[in-house]
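# Close look at the chain arrangement
Below, each chain spelled out in residue letters.
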Amino acid sequence: MAIPLIFRYSPLMDDILSIQRKGELGTLTHCYFRFIAGSPQRYIQANSSWMLDPSVAGGGCTINLAVHFIDLFLYLAKERVRRVYATLNSLTHKTDIEDFSVVVLRTKKGQVGIIETGYTYPQHEQASREIYYGLTTTKGFMWARDDTLHWIRRANKKEKVIKGIEINEYHPIYVGKVLEEFLRDTAPRTSLKEMYEVMKIIEAVYKSAREGKVVKVV
């Protein structure tokens, strides 16, 4: 069963994997993901007001958006997360769900992932958002904003710019690739196994936010 953690299927990830296959990527040391989407009002307009009910949705921007970047961190770090710290608030819209969160992940080897998500972009249309990725590895630094990836190798410090596809296209790309996997009878990139690992961390995130302390993940 394929789970729509769509960023692992994205052209951005394909570009990163291409750099990795050439032996140029190195080992991830730390990364930062920021995804600030529009107001949760858009869910009310889409007749999905249950997204603002934590008893049904499970939470707000963290469980809705941060899951994608937790999965990317696990995939790129190639290590399990051992410690989690998180802080959340709902100061912007004052609803029952959090509309802003910062999550800090740490692996046993010390790799760090910082994930910032929110529903605090001024507009609430589907395309209104801010997305940024920053990855530091033993061989270089990579950053991306929207559909453009920048890769700077430590060896020559020359920047390579790769133009990708806008995020609105990620869902149809995901569907197409999953169908290709099904026809080839190959396992999906993101299955229930990957989602289970992500949800263990999500549970630790909300526990950390409630208790105000670092939580161990077992």
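Let us look at the structure shown here.

Basis of the calculations
Starting from 1, residues in each chain are numbered consecutively following that chain's sequence as written. The predicted origin of the model limits local features to residues at a pLDDT of at least 70 and limits the giving and counting of side-chain atom pairs to 80 or more, whereas totals for whole chains, interfaces and linings rest on all residues. The basis for every side-chain value is the complete set of non-hydrogen atoms in the structure, without hydrogens or water. What counts as a helix is a DSSP run of H or I of at least four residues, what counts as a strand is a run of E of at least two, and both are numbered from the N terminus. Contacts are assigned to residue pairs with any non-hydrogen atoms lying within 4.5 Å of each other. Between 30 and 60 degrees the pair is tilted, below 30 it is stacked and above 60 it is edge-to-face, where a pair is any two Phe, Tyr or Trp rings, Trp via its six-membered ring, whose centres lie within 6.5 Å. Exposure classes here rest on a 1.4 Å probe applied to the protein chains alone. A residue is buried below 20% of its type maximum, exposed above 50%, and partly exposed in between. Either the NZ atom of lysine or the CZ atom of arginine qualifies as a charge over a ring when it sits within 6 Å of the ring centre and within 35 degrees of the ring normal.

### A word on the environment of Glu-130
Relative to the elements of secondary structure, Glu-130 occurs in strand β5 (residues 129-137). Sequence separation between Glu-130 and Thr-117 is 13 residues, and the spatial gap between their C-alpha atoms is 9.7 Å. Ignoring sequence-local partners within four residues, the contact set of Glu-130 consists of Arg-34, Phe-35, Ile-36, Tyr-121 and Arg-145.

### Overview of the packing of aromatic side chains
Scanning all chains against the criterion turns up 12 aromatic pairs. Plain terms: the ring middles of Phe-7 and Tyr-170 are 5.4 Å apart, the flat faces sit at 85° to each other, and that makes the pair edge-to-face. Of the two residues, Phe-7 is situated in the segment before α1 (11-21) and Tyr-170 in helix α5 (residues 170-184); the sequence distance between them amounts to 163 residues. A relative accessible area of 3% places Phe-7 in the buried class. Tyr-170 gets classed as buried once you look at its relative accessible area, which sits at 3%. Among the aromatic residues, ring-to-ring pairing joins Phe-7, Phe-33, Phe-35, Phe-69, Tyr-133 and Tyr-170 into one connected group. Lying over the aromatic face of Tyr-75, Lys-78 brings its terminal NZ or CZ to 5.4 Å of the ring centre. Taking NZ or CZ as reference, Arg-189 lies 5.2 Å from the ring centre of Tyr-9, over its face.

Note that every value here comes from positions in space, so none of it alone points to a role or purpose.
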